[in-house]
Amino acid sequence: MKKLIAAVAASVLLMSAASAQTVPAPQIAARSWLLLDATSGQIIASQDPDARIEPASLTKVMTAYVTFQAIRDKKLTLDQMVTVSVRAWKVDGSSSKMFIDPATPVKVNDLLYGLMVQSGNDAAVALAEAVAGDEGTFVTLMNREAQRMGMKNTKFANPHGLPSPDNYSTARDLSILASHVIKDFPEFYKIDSVKEFTYNKIKQQNRNRLLWLDPTVDGMKTGHTEASGYSMIASAHRPNGPAGERRLISVLSGATSDSLRTAESQKLLNWGYQNFDTVRLYAKGQAIATPEIWKGSSSTVKIGFLNDVLVTVPKGVAQKMKPVLERKDPLVAPVARGAQVGTLKMVVDGKPLLALPVVALDEVQEASIFGRAWDSMRLWMK
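About the thresholds
- Residues numbered from 1 in each chain as written.
- Predicted model: local features only at pLDDT ≥ 70, side-chain atom pairs only at ≥ 80, totals over all residues.
- Heavy atoms only, no water.
- Helix = DSSP H or I, 4+ residues; strand = E, 2+ residues; numbered from the N terminus.
- Buried < 20%, exposed > 50% of the residue type's maximum accessible area, 1.4 Å probe, protein only.
- Contact = heavy atoms within 4.5 Å.
- Lys, Arg positive; Asp, Glu negative; His and termini not counted.
- Charge placed at Lys NZ, Arg CZ, Asp CG, Glu CD.
- Pairing = 2+ DSSP bridges.
- 1 Å grid on protein atoms, 1.4 Å probe; cavity = no way out; pocket = protein on both sides within 12 Å on 5 of 7 lines; lining within 4 Å.
- Points joined across faces, edges and corners; volume = space filled by probe spheres on them.
- Nonpolar A, V, L, I, M, F, W, Y, C, P; charged D, E, K, R; others polar.
- Polar contact = N/O pair within 3.5 Å; in protein donor to acceptor, adjacent residues only side chain to side chain.

Turning our eyes to something else, we now look at the overall build of the chain. For the chain, the helix and strand inventory stands at 12 helices and 18 strands. When the backbone C-alpha atoms are referred to their principal axes, the chain occupies close to 85 × 45 × 35 Å. In the chain, which comprises 382 residues, the proportion classed as buried is 52%. Contacts in the chain between residues far apart in sequence, at least 24 positions, make up 67% of those at least 6 positions apart. Of the charged side chains in the chain, 45 are positive and 36 negative, and the gap between their average positions amounts to 3 Å.

In C-alpha cells:
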C-alpha cells in the first residue's frame with residue numbers, strides 16, 4: 001500500500017488539474033479541508049490543506065495510535081488496570097472528560113473507549129502515563145510517529161489537544177494519520193464507530209453525529225476549541241463495483257458549529273462518491289511490456305508495477321483513458337527489480353491525466369564479458 005501511494009504520488013498534480021476542469025470542487029464552510037480517497041491514496045480535492053491548524057481533540061487520534069502500538073508490542077494489555085494519577089484526574093475541569101478517579105483503577109480498554117468515544121482528556125493523560133510513564137515522554141513518541149508517517153507540518157505538545165502554541169497540524173497531515181490508523185489497526189479502529197459509552201455510571205454519546213446520519217460512516221474523531229472552531233475527521237466505506245469497497249476520508253477544520261461541521265463533512269463525502277470512481281488499472285506483477293535489454297543475462301525484461309495500481313478519476317473518464325508508455329531506451333543491464341524504467345501516461349482526449357512510474361519486475365544481471373562485448377557491437381551498429 002505504501003509503495004502504491006508513492007507510485008501514484010507523481011500523478012497527483014496531473015490528476016488535480018484534470019479533475020478540476022471537469023468536476024468543480026464543492027463549497028465547504030470551513031477554513032481548511034481535504035478529501036482523500038484512501039483506497040488509491042489520492043487527494044480528490046482540498047482547500048488550504050497545508051495551513052497550520054489547531055487540531056484540538058483530533059490530537060487524540062495520535063494518542064490512540066501510539067497506544068495501539070504499545071498493545072501490539074505487548075507493552076500493555078486491554079485488561080491491564082491503570083492507576084489514575086492526580087494529574088490525569090485534574091486535567092482541565094471545563095473540558096471533556098470520562099470522569100476517572102484516582103481511587104479507582106481503570107482498564108486500558110475502558111480508557112480507549114473513553115478517549116475515542118467520550119473524548120476524555122483525562123483518559124488521554126492516563127493512557128500517556130500508562131504507555132510511557134509520563135506525558136513528556138509520550139509526546140516524544142507521538143512526534144516520532146508523526147515524523148515517521150511523513151506528517152511534515154505537525155507537532156504535538158500534549159496527548160489531549162488542549163490549546164498550546166506547540167500543538168499544531170494540517171488537514172493533509174491529519175489525513176495521513178487517519179489512513180495509518182485504519183490500515184495499521186483495523187481491529188481498534190472499530191472503537192470509533194461506537195455511538196455511546198458508559199463509565200462511572202455516566203453515559204456519553206460520541207460527538208461524531210455522522211454515525212447516526214450515514215450508515216457507511218465508521219469514524220473517526222471530532223474536535224473543538226474557541227480558537228480553532230469545530231473540526232472533524234470522518235471516514236466512510238461504500239461499494240465500488242468490481243473493485244470492492246472504497247474508503248474516503250475527509251478532514252475539516254474551522255467550521256462555526258457542531259451541526260455545520262457535520263453537514264459539511266457529509267457534503268464532502270457524498271461529493272466524492274457521487275463524482276469520482278476508483279478503478280484498478282493494473283494488477284500487482286502484471287507485465288505491461290517485455291522490452292529488449294542489452295548486455296544482460298537475459299535478452300528481455302518484464303516491466304510493470306510491483307503493487308496493484310488503483311487510481312481515482314472523475315466518473316465516466318475511466319472508459320476514455322488510453323495508456324501511452326514512455327520507456328528508457330536502450331535498457332542496459334544490470335537492472336534491479338523495482339528500478340524505474342519508464343513512465344505510463346494515461347491519456348484522455350490527447351491530454352495526459354495520470355503519470356505512473358513503470359518498474360522492472362525482475363532483476364537482470366550483467367552478461368559475461370563476451371556477451372557484453374557482443375551487445376556493445378550490436379548497439380554501435382544499431
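Text resumes after the structure shown.
Moving on, we get to the pairing of strand E14 (residues 309-314). Burial runs high along E14: six of the six residues are buried. In terms of strand pairing, strand E10 (residues 276-282) meets E14 through six bridges, oriented antiparallel. Counterpart to Arg280 in the pairing with E14 is Leu310.

This part covers empty space enclosed by the protein. A complete count under the given rule lists one cavity of 30 Å³ or more for this structure. Of the pockets and cavities examined, the largest cavity occupies roughly 40 Å³. What lines the largest cavity is Val61, Ala64, Phe68, Met116, Val181, Phe188, Tyr189 and Asp192. At three residues, helix H3 (residues 59-72) tops the list of elements feeding residues into the lining of the largest cavity. A class-by-class count of the residues in the lining of the largest cavity yields seven nonpolar, no polar and one charged.

To continue, consider the side chain of Arg261. Within the fold, Arg261 resides in helix H11 (residues 258-275). A polar side-chain atom of Arg261 sits 2.8 Å from the main-chain carbonyl oxygen of Gly223. Apart from the residues within four sequence positions on either side, Arg261 is in contact with Arg207, Thr222, Gly223, His224, Tyr230, Ser231, Met232, Leu252 and Ala255.

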